[in-house]
Every structure is written in C-alpha cells, then in structure tokens.
Amino acid sequence: MCGAIAYEAKPLNQKIDACHCEQCRRWSGHFWASVNSEFSSLKFVQGDDKVKWFRSSDLVRRGFCGECGSTLFWHPDRHSEYAHILGISAGSLNAPTGVKLSVHIFVAEKGDYYELNDGLAQKPGH
Ligand SMILES: [Zn+2]
C-alpha cells in the first residue's frame, strides 16, 4: 500500500485461492486471497529490508510490510514438501494481473458473518 516494497514473482498457475481459515481471517481482516508462486522466483525491485516475517505456525511464516502493515506473503518455509511455494497477496498485484479467483479453501473455518455464493468451488480444507 505505501510502496516501500515492490517485487516480481512467477506464478505457478493463473488461479487465486481465497483462504477462509481462522489465521488468514485474523491476519487479513477477512479472507485472504493469494496466488501461488515459486519461492525461488521472488525478486525484490525495492524494499526487501522492509519485509517483516511473522511465524504463524511451526511450518509457516507470513510476510508483511514493516512500514504500512500490508499483508504480502505466506510461506511454508519449514514444510519439506511445500517450502518451494510462496503465496502472494492477490490485492498486492498490479493490474493487469492475469489471474482469477477460482476456489475457496478452508471454508469449514469461514466466518459466520458472510455467505459464499459466487458459484466457485469450495473446499473444507486445502
Ligand atoms: Zn489460511
């Protein structure tokens, strides 16, 4: 949001996941929409030193802007199978993004204050 951080990354596909798990809701303020990328493809144009990482679980760390607090990254860095994946906030992407919201995940943990009726697939977990 503040522009301190800018980056580029290569998406694994053109799909955006909307995660309704309790952690993502608390972290983002609602559900968290992200595109999965190859962690090794992440390149900072500026502000790599502004990224703050928060360990949200034993296996996962979440990155945000230390200046304005914008949510940026979800990285399962301690998960041997998925450590190469980096989830990137869909809201942080510049248009045209080339990606589309395609699935709701962890709907079993979704908030009780909204309904999902956009016709997209819904998964109880991931
Ligand atoms: Zn989540």
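Cut-off values and rules
Residues numbered from 1 in each chain as written. Predicted model: local features only at pLDDT ≥ 70, side-chain atom pairs only at ≥ 80, totals over all residues. Heavy atoms only, no water. Phe/Tyr/Trp six-rings, centres within 6.5 Å; stacked < 30°, edge-to-face > 60°. Helix = DSSP H or I, 4+ residues; strand = E, 2+ residues; numbered from the N terminus. Buried < 20%, exposed > 50% of the residue type's maximum accessible area, 1.4 Å probe, protein only. Lys NZ or Arg CZ within 6 Å of the ring centre and 35° of its normal. Donors = N, O, S within 2.8 Å, 3.2 Å for Na, K, Ca; no water. Contact = heavy atoms within 4.5 Å. Polar contact = N/O pair within 3.5 Å; in protein donor to acceptor, adjacent residues only side chain to side chain.

Asks: Would you mind showing me how to read the packing of aromatic side chains here?
Replies: For any two aromatic rings, the description comes down to two numbers: the centre-to-centre distance and the angle of the planes. Summed over all chains, the structure comprises seven aromatic pairs. When the ring of Phe 31 is compared with that of Tyr 114, the centres are 6.2 Å apart and the planes differ by 45°; the resulting orientation is tilted. Linking Phe 31 in the loop between α1 (22-28) and β3 (32-38) with Tyr 114 in the loop between β9 (100-105) and β10 (121-122), this pair joins segments that are 83 residues apart in sequence. What makes Tyr 114 buried here is its relative accessible area of 11%. Between Tyr 113 and Tyr 114 the ring centres are 4.7 Å apart and the planes differ by 70°, which places this aromatic pair in the edge-to-face class. The class of Tyr 113 is partly exposed, set by a relative accessible area of 47%. Taken together, Tyr 7, Phe 44, Trp 53 and Phe 73 form an aromatic cluster joined through their ring pairs. The ring of Trp 53 carries the charged tip of Arg 61 above its face, separated from the ring centre by 3.7 Å. Against the face of Tyr 114 rests Lys 110, its NZ or CZ located 4.6 Å from the ring centre.

Asks: Can you help me understand the coordination of the zinc ion in this one?
Replies: Reference values for coordination geometry: four tetrahedral donors around a metal ideally subtend 109.5 degrees, six octahedral donors ideally subtend 90 or 180 degrees. For the zinc ion, every protein donor is listed as Cys 19 (SG), Cys 21 (SG) and Cys 24 (SG), and the spread of their distances is 2.2 to 2.3 Å. Each donor residue of the zinc ion lies on one chain, and together they are spaced C-x1-C-x2-C. Each member of the pair, Cys 19 as well as Cys 24, carries the same accessibility label: buried.

Asks: Which parts of the structure should I look at to understand the environment of His 30?
Replies: Checked against the element boundaries, His 30 lands in the loop between α1 and β3. Counting along the chain gives 93 residues from His 30 to Lys 123, while the straight-line C-alpha distance between them is 17 Å. Setting aside its immediate chain neighbours within four residues, His 30 contacts Cys 24, Arg 25, Tyr 113 and Tyr 114. A polar atom in the side chain of His 30 sits 2.9 Å from the side chain of Tyr 113.

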